[in-house]
Amino acid sequence: MIYIGTAMLLLIMALNSCTKDDSPVAAYYEANGLLIPAGFPIPAIPEGNEITRERVELGRRLFFDKALSRDFSTSCASCHLPTHAFSDTVAISPGVEGRLGFRNSPPLLNVAYFSSFMEEGGVASLEQQVLAPIQDHNEFDFNILLIADRMKQDSSYVNSSLAAYDREPDPYVITRAIACYERTLIGGQSDYDRYTSQQQLSAMSDAAIRGMELFNSRELACSNCHSGFLFTDESFRNTGLYEAYADSGRARLTYLPSDRGLFKVPSLRNVTLTAPYMHNGGFPSLESVIDHYASGGFEHENKDPLIQGFSLSESQKQDLLAFLAALEHQEL
Ligand code: HEC
Ligand code: HEC
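Since we're looking at a predicted model, the values are computed, not measured. (Residues numbered from 1 in each chain as written. Chains lettered and ligands numbered in written order. Predicted model: local features only at pLDDT ≥ 70, side-chain atom pairs only at ≥ 80, totals over all residues. Heavy atoms only, no water.)

K.L.:
Give a description of the coordination of the iron atom of ligand 1 that names residues and reports values.
P.N.:
Among all protein atoms, only His80 (NE2) binds the iron atom of ligand 1, sitting 2.1 Å from it. Within the element layout of this structure, His80 appears in the loop between α4 (76–79) and α5 (126–129). (Donors = N, O, S within 2.8 Å, 3.2 Å for Na, K, Ca; no water. Helix = DSSP H or I, 4+ residues; strand = E, 2+ residues; numbered from the N terminus.)

Quick look at the structure:
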């Protein structure tokens, strides 16, 4: 219940800021047809990396450029597909030489709003996050200084870099430009948004409305963790996926036994586009995710007390699926 209160408050604050805000951030979004959706706050932008058209364009080019990887085989977009809310369609995405990591590629749509990144939450900013795939043996297996060298051999990159940050390509420019681009990936035009923030009461089907009630119900408890305008409270929880987790989740960062098997609560926006699911892509479909929650999961010393199991009729399950589908972003 507390979470629903917070969500409402956020919504009201956001609606206010939407109509009144004339900050440079809002102005940038507006000037580029990227209106911040009703119900969404203005993203926080770190000092020194204000959004400008030159920076976003440079970041976009880098995001899609395979020259960021050692062997020119992989770009950020190889694993974060624009057609899938910037996630991937396979459980584990291949990096250079087809090497596989151990986690599922998360969607990047609305990543501007997160306060920590990666499953264990160990990365504090989008700028910092850019270094992870570059150095990762299973992703780009490369070195950011060598990426800057490659860019310097291309005069259009040098010119864009000077225009964006008034300096030649270097790690400062690469990390900031990509982060700037990622902050423009905002999606809040779903049937759910039209229904709640824009009061178009026909935007959601009756089935989806019944599904929303189930989602918010005490028995299913989904909205206790998947709360707020992004449907995540950004906490770390153990959902009882395994008796013994191969990936220890948040404990990789904290080394605390009580953090074993805890993962960041993911946003459920666009979840119909981001299969397969969970940190390792272990569930192929939303049906299988719901079956997991209904079963109450496996016993684990850290399993969250909210994961208790419940029973749903087939038509209630379809309602819940209809609600999740109503969270899909649609360009208007
Ligand atoms: C080989 C596939 C692959 C490539 C290439 C890749 N990523 Fe990722 N990305 C992932 C995976 C897997 C994760 C989850 C990692 C984790 O939690 O440990 C991730 C996580 C992220 C996150 C954190 C999202 C969140 O919700 O916490 C961001 C941001 C991100 N990637 C951006 C990028 C950018 C920018 C690039 C290019 C510079 C890139 N990725 C390249 C697979 C990839
Ligand atoms: C105790 C907090 C909690 C509750 C309650 C909860 N979830 Fe989750 N949910 C999570 C966490 C944490 C994950 C990620 C787990 C992982 O990756 O191992 C997750 C993952 C998911 C995913 C997969 C998303 C993706 O992109 O991989 C879906 C879908 C989902 N939950 C829907 C629901 C629904 C529907 C309910 C109610 C029946 C629910 N959740 C209840 C915490 C919770």
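K.L.:
Give me the pattern of salt bridges: which residues, what numbers.
P.N.:
One pass over the full model with this rule turns up 17 salt bridges. Linking Arg183 and Glu127 is a salt bridge whose minimum nitrogen-to-oxygen distance equals 2.9 Å. With Arg183 in the loop between α9 (171–182) and α10 (191–196) and Glu127 in helix α5, this pair connects stretches of sequence that are 56 residues apart. Glu127 carries the same exposure label as Arg183, and that label is buried. (Salt bridge = Lys/Arg side-chain N within 4 Å of Asp/Glu carboxyl O. Buried < 20%, exposed > 50% of the residue type's maximum accessible area, 1.4 Å probe, protein only.)

K.L.:
How would you sum up the coordination of the iron atom of ligand 2? Please name residues and give values.
P.N.:
Within the protein, the atoms that donate to the iron atom of ligand 2 are His226 (NE2) and Tyr293 (OH), at distances of 1.9 to 2.1 Å. Given six donor atoms and angles of 81 to 179 degrees at the metal, the environment of the iron atom of ligand 2 is assigned as octahedral. A residue pair is termed long-range when its members are at least 10 positions apart, and His226 in the loop between α12 (222–225) and β1 (236–237) and Tyr293 in helix α14 (residues 286–295) qualify at 67 residues. Taking the relative accessible area as the measure of exposure, Tyr293 reaches 21% and is therefore partly exposed. (Tetrahedral: all angles 85-135°; square planar, octahedral: opposite > 155°, others 65-115°.)

K.L.:
I'd like a description of helix α11 (residues 206–216), backed by residues and values.
P.N.:
Where α11 is concerned, the buried positions are Ala208, Ile209, Gly211, Met212, Leu214 and Phe215. Those residues of α11 that are buried are in contact with α10, α12 and α15 (314–325). (Contact = heavy atoms within 4.5 Å.)

K.L.:
Summarise the packing of helix α3 (residues 53–63) against helix α8 (residues 155–165); cite the residues concerned and give the values.
P.N.:
With their axes 8 Å apart at the nearest point, α3 and α8 run at an angle of 140 degrees to one another. For the element pair α3 / α8, the angle class is oblique. In the crossing of α3 with α8, the sense of the turn from one axis to the other is left-handed. Between α3 and α8, the contacting residues are Glu54, Arg55, Leu58, Arg61 and Leu62 on the first element and Ser156, Tyr157, Ser160, Ser161, Ala163, Ala164 and Tyr165 on the second. Across the contact of α3 with α8, the residue classes tally to six nonpolar, three polar and three charged. (Axes fitted to C-alpha atoms, helices over the stretch in contact; angles between N-to-C directions. Parallel < 35°, antiparallel > 145°, perpendicular 65-115°, else oblique. Left-handed = near helix turned anticlockwise from the far one by under 90°. Nonpolar A, V, L, I, M, F, W, Y, C, P; charged D, E, K, R; others polar.)

K.L.:
Describe the nonpolar core, listing the residues and the values that go with them.
P.N.:
The biggest cluster of nonpolar side chains holds 44 residues, and the ones touching the most others in it are Leu58, Leu62, Phe63 and Ile174. Of all elements in the fold, only α2 (24–31), α3, α4, α7 (144–152), α8 and α9 reach the threshold of two or more residues within this core. In terms of residue count, the dominant contributor to this core is α9 (seven residues). Those residues in contact with Leu62 that sit more than four places away from it in its chain are Leu68, Met151, Tyr157, Ile174, Ala177 and Ile178. Membership of the second largest hydrophobic core comes to 29 residues, among which are Leu241, Ile290, Leu321 and Leu327. (Core = buried A, V, L, I, M, F, W, Y, C linked by side-chain atoms within 4.5 Å.)

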